[in-house]
Amino acid sequence: MKIFHTADWHLGKLVQGVYMTEDQHYILHQFMQAIDEEKPDAIIVAGDLYDRSMPPVEAVNLLNDTFAEIVLEKKIPVLAIAGNHDSAGRLNFGSRLMRKSGLHMAGQFTKDHAPIVLSDEFGDVHFHLVPFAEPAAVRTILADDTIQSHQDAMKKIIAHIEETMDTSKRNVFIGHAFVTKYGKEEENTSDSERPLSIGGSECVDAALFEHFNYTALGHLHKAHFVLNETIRYAGSPLKYSLSEHLHEKGFLIVELDAEGQVTVEKRKLIPRRNLRVVEGLMDDLLQLTPSEDYVFVRLTDDTPVSSPMERIRTVFPHALHIERMAAHADLSPEIQAIETEKVEDIDLFRVFYEDMVGEQPDSETERLFTDMLQELLDEEREVAQ
């Protein structure tokens, strides 16, 4: 069985105040062309279809048109789950009706798990769709008070699946989580991705997925495998932050043979406009070949530069951000902003607190801040569901 594994579309995404909808339309058109060329048997979208729980109309229309073309015109089933950015309730609405047309959408985690069964010339493949859910929600649904973390939740979910899993069939897990080798803390692959928890571990041990022939993951924006080559992130199809400027974006072509052995090929997607970094003196940058790319500009001038963005946009009309690299440079107000996407929430709080109070916050104050931030994050997700 040939499967396209993709994730983290983030339709409706804003990057430095610029809507990426046209770029997303462009890249999904390329994805459609690949479908026509490769003729996959199924397409996986492993969460974060939208960038926020209430996406703009243009993003909703784009997803609707894309899925309609794949499922209704090309007759290829789609298996999609909600990620932490999505509204679980909105994605879940109508899922039973859409299933008959080949669109299998899992928005909300439920106790009544049943795999989606697709077949090829070798027999059945069972797809286990597990949408993102907070540990507290999983604790309530499974009536298990021992569930306190994302690791606990995923361990119990998989144990619940394995109670009825047919191991004589080929099994594919689809999930949205921060999966790492041995469940140890690791750096996120993108600053544009929201944390799954504040002040606690959000990591899940990759070893939990060892009984599945393939594990299709979403959440981390860089394509890579974890622990072994059958547990993979497809990454996002576009660059969504400065931290992703060196990523090679695309999707994965996964093939399952009769015994469930897996081969994976990465297929690159070429964006309408690349997102990249340019660095140098202002006078030198103004001599570069004009480009329509999205650029983050790092100026190395030792002296103040007047109207930097206005001048840069004569060469790079879609420039997104300018920063000065010179230490203790006399920055103009236009480029003094902190690059917040590269700074942790707690670091921003420390800077703010010191500005207001004149000293660094103590451990108790930091704990109160992280507790409050976690409550706000949980409330936002509850509203989204």
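Above this text you will find the structure in question.
Each value, and the rule that gives it
- Residue numbers restart at each chain and count upward from 1, following the sequence in its written direction.
- With pLDDT at 70 or above as the cut-off, local features in this predicted model cover only qualifying residues; side-chain atom pairs require 80 or more to be listed or tallied, and sums for whole chains, interfaces and linings still use all residues.
- As a rule here, side-chain values come from all non-hydrogen atoms in the structure, and water together with hydrogens is ignored.
- In DSSP terms, a helix is any run of H or I states spanning at least four residues, a strand is any run of E spanning at least two, and both are numbered starting from the N terminus.
- Note on exposure labels: buried denotes an accessible area under 20% of the residue type's maximum, exposed denotes more than 50%, and partly exposed covers the range between, all computed with a 1.4 Å probe on protein chains only.
- Here a residue-residue contact requires only that any non-hydrogen atoms of the pair lie within 4.5 Å.
- To be clear on the numbers: accessible area is Shrake-Rupley with a 1.4 Å probe, and residue cover counts the displayed protein chains and nothing else.
- A patch is a set of surface residues, each over 30% in relative accessible area and not in a salt bridge, joined within 9 Å for like charges and within 5 Å for the nonpolar side chains Val, Leu, Ile, Met, Phe, Trp and Tyr.
- One speaks of a salt bridge when a side-chain nitrogen belonging to Lys or Arg is within 4 Å of a carboxyl oxygen belonging to Asp or Glu.
- Only protein atoms enter the 1 Å grid, on which a cavity is a set of points fitting a 1.4 Å probe that cannot get out and a pocket is an open set with protein on both sides within 12 Å along at least 5 of 7 lines, lining residues being those with an atom within 4 Å of a point.
- Grid points are joined across faces, edges and corners, and a volume is the space filled by probe spheres set on the points.
- Residue type decides the class: Asp, Glu, Lys and Arg count as charged, Ala, Val, Leu, Ile, Met, Phe, Trp, Tyr, Cys and Pro as nonpolar, and the leftover types, Gly among them, as polar.
- The criterion for strand pairing is that DSSP finds at least two bridges linking the strands in question.
- What counts as an axis is a line fitted to C-alpha atoms, over the stretch in contact for a helix, and the angles between N-to-C directions run from 0 to 180 degrees.

### With respect to the overall build of the protein
Piece 1. Helix and strand counts for the protein stand at ten helices and 19 strands.
Piece 2. Looking at the 385 residues of the protein, the share that counts as buried comes to 51%.
Piece 3. Contacts in the protein between residues at least 24 apart in sequence constitute 67% of all its contacts with a sequence separation of at least 6.
Piece 4. Summing over all exposed atoms, the protein offers an accessible surface of approximately 18700 Å²; the carbon and sulfur share of this is 50%.

### Some remarks on a nonpolar patch on the surface
Piece 1. A contiguous nonpolar patch, built from Phe 352, Met 356 and Val 357 and spanning about 330 Å² of accessible area, is present on the exposed surface.
Piece 2. Relative to the helices and strands, Phe 352 resides in helix α9 (residues 345-357).

### Some details on empty space enclosed by the protein
Piece 1. With the rule as written, the count across this model stands at three cavities of 30 Å³ or more.
Piece 2. By volume, the largest cavity is sized at about 130 Å³.
Piece 3. In this structure, the largest cavity is lined by 13 residues; those nearest its centre are Phe 132, Ala 133, His 150, Met 154 and His 176.
Piece 4. With four residues, the top contributor of residues to the lining of the largest cavity is helix α6 (residues 150-162).
Piece 5. Residue composition of the lining of the largest cavity, by class: eleven nonpolar, two polar and no charged.

### Focus on the sheet that holds strand β9 (residues 170-176)
Pairing between the strands of a sheet comes from backbone hydrogen bonds, and it takes one of two forms, parallel or antiparallel.
Piece 1. Within the open sheet, the six strands sit side by side as β7-β8-β9-β12-β14-β13. Their pairing is mixed. A strand with exactly one partner marks an edge of an open sheet, and here the two such strands are β7 (116-120) and β13 (224-226). Direction aside, the axes of adjacent strands within the sheet are offset by 30 degrees on average.
Piece 2. Relative to strand β12 (residues 214-218), β9 runs parallel, the two being bridged by five bridges. Bridging from a neighbouring strand, Val 172 pairs with Tyr 214 of β12.

### Topic: the environment of Met 54
Piece 1. Summarising the element assignment, Met 54 is placed in the loop between β4 (42-46) and α2 (57-73).
Piece 2. The exposure class of Met 54 is exposed, given its relative accessible area of 59%.
Piece 3. Once the C-alpha coordinates of Met 54 and Gly 12 are considered, the two residues, 42 residues apart in sequence, prove to be 9.4 Å apart.

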